[in-house]
Amino acid sequence: MIKNKYGFFSKDGREFVITNPRTPRPWFNYMWNENYAGLISHTGGGFSYLETPRDNRLTRMRYNCLPWDRPGRYVIIKDVDSGKYWSLSWAPTIDKNYDLYECHHGQGYTKIITEKNKIRGELTYFVPTDLNGEIWRVKLTNLSNKKRRLEIYAFTELLMGNALNDIINQPNDKHFTDIHFNKDYETLVCTRRYWVLNRKVTVAQPNIDWRYNLLFTTTLPVSGFDGSLDNFIGRWRSEANPESIETGKMKNTEITAGDPIAAVQSKITLDKKSEIDFAVLMLVVSKDEKNPFKALNLKKLKNIKTVDKKFDEVKNYWDEYLSNVKVSTPDNKFNLMLNVWNQYQAAVTFDMARNSGYYHGGLLFGTGMRDQFQDILGMVIAHPERVRKRLLNALRFQFKDGSTLHNFFKITEWGEKTNHSDTPLWIPFGIIEYLNETADFSILDEVVKFYDEGEATVYDHLKLAVDFAISACTERGLPKIMNGDWNDTLDHIGPKGKGETVWGAFFLGYILKKSFELLEFKNDSLTLNRWKNKYEELRKTINELCWDGNWYLRAFRDDGTEVGSHKHKQGRIFINSQSWSVISELATDDRAKSCLQSGKKYLITPYGMQIVWPAYREIEDNTGLISRCVPGKKENGAVFNHASSWFVLASLLNDDIEFAYDIYSRMIPINSSKRIDRYEVEPYVYAEYVTSPEHETENQASHSWLTGTAVWMYRIGLDYILGFRTSLKGMTIEPRIPSSWKSFKAERNFRGKRIILSVENPERKNSGIGLIEVNGNRVESNFINPDDFSEKEINVRIVLK
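Here is what the cut-offs are and how they apply
- Every chain is numbered independently, its residues counted from 1 as its sequence is written.
- Reporting in this predicted model follows two pLDDT cut-offs: at least 70 for local features of residues, and 80 or more for side-chain atom pairs to be given and counted; totals over whole chains, interfaces and linings ignore these cut-offs and use all residues.
- The basis for every side-chain value is the complete set of heavy atoms in the structure, and neither hydrogens nor water enter the calculation.
- Per the convention used, a helix needs a DSSP run of H or I reaching at least four residues, while a strand needs a run of E reaching at least two, with both numbered from the N terminus.
- Radius of gyration: C-alpha atoms only; globule rule: 2.2 Å multiplied by the number of residues to the exponent 0.38.
- Partly exposed residues are those whose accessible area sits between 20% and 50% of the maximum for their type, while under 20% is buried and over 50% is exposed, using a 1.4 Å probe and protein chains only.
- The contact definition used throughout considers only heavy atoms, calling two residues in contact when any of these lie within 4.5 Å.
- A 1.4 Å probe and the Shrake-Rupley method give the accessible areas. Residues count as covered only by the protein chains that appear here.
- We call a set of buried Ala, Val, Leu, Ile, Met, Phe, Trp, Tyr and Cys residues a nonpolar core when their side-chain atoms join them within 4.5 Å.
- Only Phe, Tyr and Trp rings take part, Trp by its six-membered ring, and two of them pair if their centres are within 6.5 Å. Stacked means planes under 30 degrees apart, edge-to-face means over 60, and tilted covers everything else.
- Put simply, a salt bridge is a Lys or Arg side-chain nitrogen that is within 4 Å of an Asp or Glu carboxyl oxygen.
- By this definition, two strands are paired if DSSP reports at least two bridges between them.
- Helix span, as expected, comes to 1.5 Å for every residue beyond the first.
- To be clear, the arc concerns the directions from the helix axis to the C-beta atoms.
- When two cysteine sulfur atoms lie within 2.5 Å, the pair is treated as a disulfide.
- For this analysis, a polar contact is any N or O atom pair within 3.5 Å, provided that within protein one partner can donate a hydrogen and the other can accept it, and provided that sequence-adjacent residues contribute only side-chain to side-chain pairs.
- Only C-alpha atoms enter the line fits that serve as axes; for helices the fit covers just the stretch in contact. Angles between N-to-C directions range over 0 to 180 degrees.

1. Quick look at the overall build of the protein chain
Part 1 of the reasoning: Of the regular secondary structure elements, the protein chain holds 21 helices and 44 strands.
Part 2 of the reasoning: Rg of the C-alpha trace for the protein chain: 28 Å, near the compact-globule value of 28 Å for 801 residues, within the 12% margin.
Part 3 of the reasoning: By its C-alpha atoms, the protein chain is 80 × 65 × 55 Å across when sized along the principal axes.
Part 4 of the reasoning: The proportion of buried residues among the 801 residues of the protein chain is 65%.
Part 5 of the reasoning: In the protein chain, the proportion of contacts linking residues at least 24 apart, taken out of those at least 6 apart, comes to 67%.
Part 6 of the reasoning: When the accessible surface of the protein chain is summed, it comes to about 29,700 Å², and 46% of that surface belongs to carbon and sulfur atoms.

Put into structure tokens, the structure is as follows:
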């Protein structure tokens, strides 16, 4: 069993079970479908939204709240005879002692089990696959030998609209709330008459109606309700001790103004040793539906059998999703991540970007272009049709000159053009990765509008992005860094337009080389020759100007001074230049070896590779925000997992396989979180960064869940360690494994076929194919074109030598 002091992974790996609710931070999960989403913590906290967490937030979450993680989705039980009451999710009644607490975070659901006062509660939160809404499914069991009279209170604090406006203009914003109770359906109908859809903070007042009704109800008979937060909670109280629960009297308040809550009361009697099942439903429906109850078929939904069927559909969806990849290696933690949690986290980042999270609060970032075109790497194996739609949608935020917005918001379809030098280049990255997986070349002929004016095919969008990046080079031939590159905190290097990014040069080279196969497929010889010439120019320029003796520089400022040199007191070596010099194949063999060796010497930590060394301890205004970050955290010297994963990839490509796997293993959250009270965040998903030894809180992690680390660690493990390398023409199988592995098995779906790989390693090698058999026949090549096989399964046996 893989465990820590707060919980453990279930035997099948599909759940992380928290047994002590007093975790170092709230530990979250997600429940969602393509339109509706909710964060759900191990105490019932988090928020819900429809489409976008900023402009269409449904429930509140208070940032920096004390106690943490308030408010939430609560079901409180009250024993009428004793007057005692407690929450089924531990919070908000955290000062009460429970006989049992367990939180089971699974894929798309969270189940919290408690026992208190001889009542066992099982509260399961989930979002159905086909509804804009969420369900809280409850089972109560009377463990005592006497009949129990219970009152049940289900409630959540509502927002319904623009979450940013709710923070900055809440006293005025609450004047537009309507909550009424429908007696026929015993349902609270909640809405608002005003919707702020401003593209940014402004005093402008748009005259827009919030176009939804939110319905809140339970499958039990409703004995009381409240729509007023103030009336339900009472004065100088909190969610932990609402006045209505203490008195047992609901005010039955319908409101047209004020802070909204959806709260319902039910009363039941439980015979000894008996149980009851019921559910709480929160659903969203368009105001265009004149009868929202019939539109939702609410009477059917309020049947517990229907609820259970909806939950089965969620579980079936995730069974299917995870079935696309299965691995069995000697490393159980590697298996656990690739089989379940890495795949699952990649699905979360695909839909949540860097936007909908506890640390990314859903107010600022929207969807990043850079993130969008990377996050497809996880979803494209399981659901390429969703990736196709996502790519076509994102291309609408590109300009006709090839540049792009840096981020965009759903509903308002607005974003910011920040002039980060790398952003356009992620467009070809994502499109080519989609093609590598699917061979769906029809997408290249789709016509997509530009954000400013005009339209073009996807293929032309791709070429324009690359050509824009080529045009944005200095006279020396290196890309201008402009307002920053992938490292957003290098934002004062080129304010005058002359600063250059060395990492960006490697990245441009990588994208150029990645595009060659596509250009050949398209018979686009003019572009191919032009881009090949640029690639070779970059090779020459980089190796003439950017070599520092043992590693590559990071950048040049407007005045030509270097960033990332051994001559400096701080910020001497940056990880990304070293990694991408190898990934792009622009480094010479000796320099590739030297720069990676320098990275190993200066950047290694017990948790992965730190992003820069030594951290900045003095402000360098001509470098950027990085020097204002605290040393050892974030971009200023943390183990920035996204960047660390690229160093793993570079090491694998450079055949330093033992070292690469060692770092990969250190980064696995199960390993990096061994000191869990210091690490703090969830031990089942990757965090954005882990504090390096350059800070006194070494090993403290932050910004979990929403990080590009998820898809890169997933695909590095699948593509480069296990060896499933996709390309436009098919798949090359080339494992790079620790010599300690005697064998492994792995399988994955690919273009309608199931590739089943069995690898034997009798001589304890890292790589090198001595024998390969395909469907029992010995072959010479490790390349597979699935179109050459009529069978649904392609069995590949490899012996390393």
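Here the narrative resumes.
2. Some points on unusual backbone geometry
Part 1 of the reasoning: Going from Leu 66 to Pro 67, the amide bond is cis rather than trans, its omega being -10°.
Part 2 of the reasoning: Here Pro 67 lies in the loop between strand 7 (57–59) and strand 8 (73–79).
Part 3 of the reasoning: Cis geometry marks the peptide bond from Ala 91 to Pro 92, where omega comes out at 5°.
Part 4 of the reasoning: The phi dihedral of Ala 439 falls on the positive side, at around 55°, and the residue is not glycine.
Part 5 of the reasoning: Structurally, Ala 439 is set in the loop between helix 11 (426–438) and strand 25 (447–449).
Part 6 of the reasoning: When its relative accessible area of 28% is taken as the criterion, Ala 439 is described as partly exposed.

3. Description of the nonpolar core
Part 1 of the reasoning: The biggest cluster of nonpolar side chains holds 254 residues, and the ones touching the most others in it are Leu 140, Phe 216, Trp 341, Trp 712, Leu 722 and Val 796.
Part 2 of the reasoning: Ignoring anything within four residues of it in the chain, the contact list for Leu 722 reads Val 327, Thr 329, Phe 334, Leu 338, Gly 717, Pro 735, Trp 741, Phe 744, Ala 746 and Leu 757.

4. Topic: the packing of aromatic side chains
Part 1 of the reasoning: For the structure shown, the criterion picks out 62 aromatic pairs.
Part 2 of the reasoning: Ring geometry for Trp 195 and Tyr 212: centres 6.2 Å apart, planes at 70°, overall edge-to-face. One end of the pair, Trp 195, is in the loop between strand 16 (187–192) and strand 17 (212–218); the other, Tyr 212, is in strand 17, with 17 residues separating them in the sequence. In terms of burial, Trp 195 and Tyr 212 fall into one category: buried.

5. Comments concerning the pattern of salt bridges
Part 1 of the reasoning: A full pass over the atoms with the stated rule returns 63 salt bridges.
Part 2 of the reasoning: Between Lys 251 and Glu 243 there is a salt bridge, with the nearest N and O atoms lying 3.2 Å from each other.
Part 3 of the reasoning: Residue Lys 251 is classed as partly exposed on the basis of its relative accessible area, which comes to 38%.
Part 4 of the reasoning: Linking Arg 396 and Glu 413 is a salt bridge whose minimum nitrogen-to-oxygen distance equals 3.0 Å. Of this pair, Arg 396 sits in the loop between helix 10 (384–394) and strand 23 (407–408) while Glu 413 sits in the loop between strand 23 and strand 24 (415–416); the two residues are 17 residues apart in sequence, bridging distant segments of the chain.
Part 5 of the reasoning: Salt bridges sharing partners connect three or more residues here, namely Arg 60, Arg 62, Arg 70, Glu 157, Asp 166, Lys 174, Glu 239 and Asp 259.

6. Quick notes on helix 15 (residues 575–583)
Every α-helix carries 3.6 residues per turn, so stepping three or four residues along brings you back to the same face.
Part 1 of the reasoning: Taken across its nine residues, helix 15 has nine buried, putting it largely inside the fold.
Part 2 of the reasoning: Within helix 15, burial applies to Ile 575, Asn 576, Ser 577, Gln 578, Ser 579, Trp 580, Ser 581, Val 582 and Ile 583.
Part 3 of the reasoning: Tucked inside the fold, the buried residues of helix 15 contact helix 13 (502–521), strand 30 (573–574), helix 16 (589–603), strand 32 (608–609), helix 17 (641–653) and helix 21 (709–721).
Part 4 of the reasoning: Of the residues flanking the end of helix 15, it is Glu 585, one or two places downstream, whose phi is positive at about 65°.

7. Details of the sheet that holds strand 35 (residues 687–690)
Part 1 of the reasoning: Strand order in the open sheet made by the three strands is 34-35-36, with antiparallel pairing throughout. Strands at the two margins of the open sheet, each flanked by one partner only, are strand 34 (639–640) and strand 36 (701–704).
Part 2 of the reasoning: Looking at chain direction, strand 34 and strand 35 are connected through two bridges and run antiparallel. Each residue of the ladder has a partner; that of Phe 640, found in strand 35, is Tyr 689.

8. Re the pairing of strand 41 (residues 769–774)
Part 1 of the reasoning: Across five bridges, strand 41 lies against strand 44 (residues 793–800) in antiparallel orientation. By the bridge assignment, Leu 771 is partnered in strand 44 with Val 799.
Part 2 of the reasoning: Relative to strand 42 (residues 777–778), strand 41 runs antiparallel, the two sharing two bridges. Across the sheet, residue Glu 773 finds its bridge partner in strand 42, namely Arg 778.
Part 3 of the reasoning: Taken together, strand 41 and the strand that follows it, strand 42, pair antiparallel across an intervening segment of two residues, in which Asn 775 is found at a positive phi of about 50°.

9. Side note on the pairing of strand 11 (residues 109–116)
Remember that side chains alternate between the two faces of the sheet whenever the strand is regular.
Part 1 of the reasoning: Across the eight residues that make up strand 11, a large majority, seven, are buried.
Part 2 of the reasoning: With seven bridges connecting them, strand 10 (residues 100–106) and strand 11 associate as antiparallel partners. Within the sheet, the bridge partner assigned to His 104 lies in strand 11 and is Lys 111.
Part 3 of the reasoning: Where strand 10 hands over to strand 11, the hairpin turn is made up of two residues, of which Gly 108 adopts a positive phi near 80°.
Part 4 of the reasoning: Bridging between strand 11 and strand 12 (residues 119–126) involves eight bridges; their strand directions are antiparallel. Along strand 12, the bridge assignment pairs Thr 114 with Gly 121.

10. Structural notes on the environment of Asn 117
Part 1 of the reasoning: With respect to the helices and strands, the residue Asn 117 is situated in the loop between strand 11 and strand 12.
Part 2 of the reasoning: Distance in space between the C-alpha atoms of Asn 117 and His 566 is 65 Å, their sequence separation being 449 residues.
Part 3 of the reasoning: Setting aside anything within four residues of it in sequence, one finds Asn 117 in contact with Lys 84, Trp 86, Asp 99 and Arg 148.

11. Examining helix 16
Part 1 of the reasoning: Taking 1.5 Å as the rise per residue, helix 16 with 15 residues should run 21 Å; its terminal C-alpha atoms sit 21 Å apart, in good agreement.
Part 2 of the reasoning: Of the residues making up helix 16, those classed as buried are Ala 592, Cys 595, Leu 596, Ser 598, Gly 599 and Leu 603. Along the axis of helix 16, the buried positions cluster into a sector of 155°, meaning they face one direction only. Those residues of helix 16 that are exposed and angled more than 90 degrees off the buried face are Asp 589, Asp 590, Lys 593 and Lys 601.
Part 3 of the reasoning: Looking at the packing, one finds that the buried side of helix 16 touches strand 30, helix 15, strand 31 (604–605), strand 32, strand 33 (612–613) and helix 17.

12. Concerning the state of the cysteines
Structurally, a disulfide amounts to a covalent bond that connects the sulfur atoms of two cysteines.
Part 1 of the reasoning: Following the criterion strictly, the structure yields zero disulfides and no others.
Part 2 of the reasoning: Between Cys 546, a cysteine without a disulfide, and Cys 473, which holds the nearest cysteine sulfur, the sulfur-to-sulfur distance is 11 Å.
Part 3 of the reasoning: Using a relative accessible area of 0% as the deciding quantity, one classes Cys 546 as buried.
Part 4 of the reasoning: With no disulfide of its own, Cys 595 lies 12 Å from the sulfur of Cys 546, the closest cysteine sulfur.

13. Considerations on the side chain of Ser 87
Part 1 of the reasoning: Looking at the element boundaries, Ser 87 is found in strand 9 (residues 85–87).
Part 2 of the reasoning: Residue class for Ser 87 comes out buried when judged on its relative accessible area of 0%.
Part 3 of the reasoning: A distance of 3.0 Å separates polar atoms of two side chains, one belonging to Ser 87 and the other to Ser 89.
Part 4 of the reasoning: Excluding residues that lie within four positions of it along the chain, Ser 87 makes contacts with Tyr 74, Val 75, Ile 76, Pro 92, Thr 93, Tyr 98 and Thr 114.

14. Quick notes on the sheet that holds strand 12
Part 1 of the reasoning: Here we have 11 strands laid out as an open sheet, ordered 1-2-3-10-11-12-13-20-17-16-15, and antiparallel in their pairing. In the strand order of this sheet, the two ends are held by strand 1 (3–4) and strand 15 (177–182), each with one partner.
Part 2 of the reasoning: In this sheet, strand 16 lies alongside strand 15 in antiparallel orientation, the contact comprising six bridges. Paired with Ile 179 across the strands is Cys 190, a residue of strand 16.
Part 3 of the reasoning: Here helix 7 (residues 304–322) sits on the sheet and contacts strand 11, strand 12, strand 13 (133–142) and strand 20 (275–286); the angle it forms with strand 12, its principal contact strand, is near 55°.

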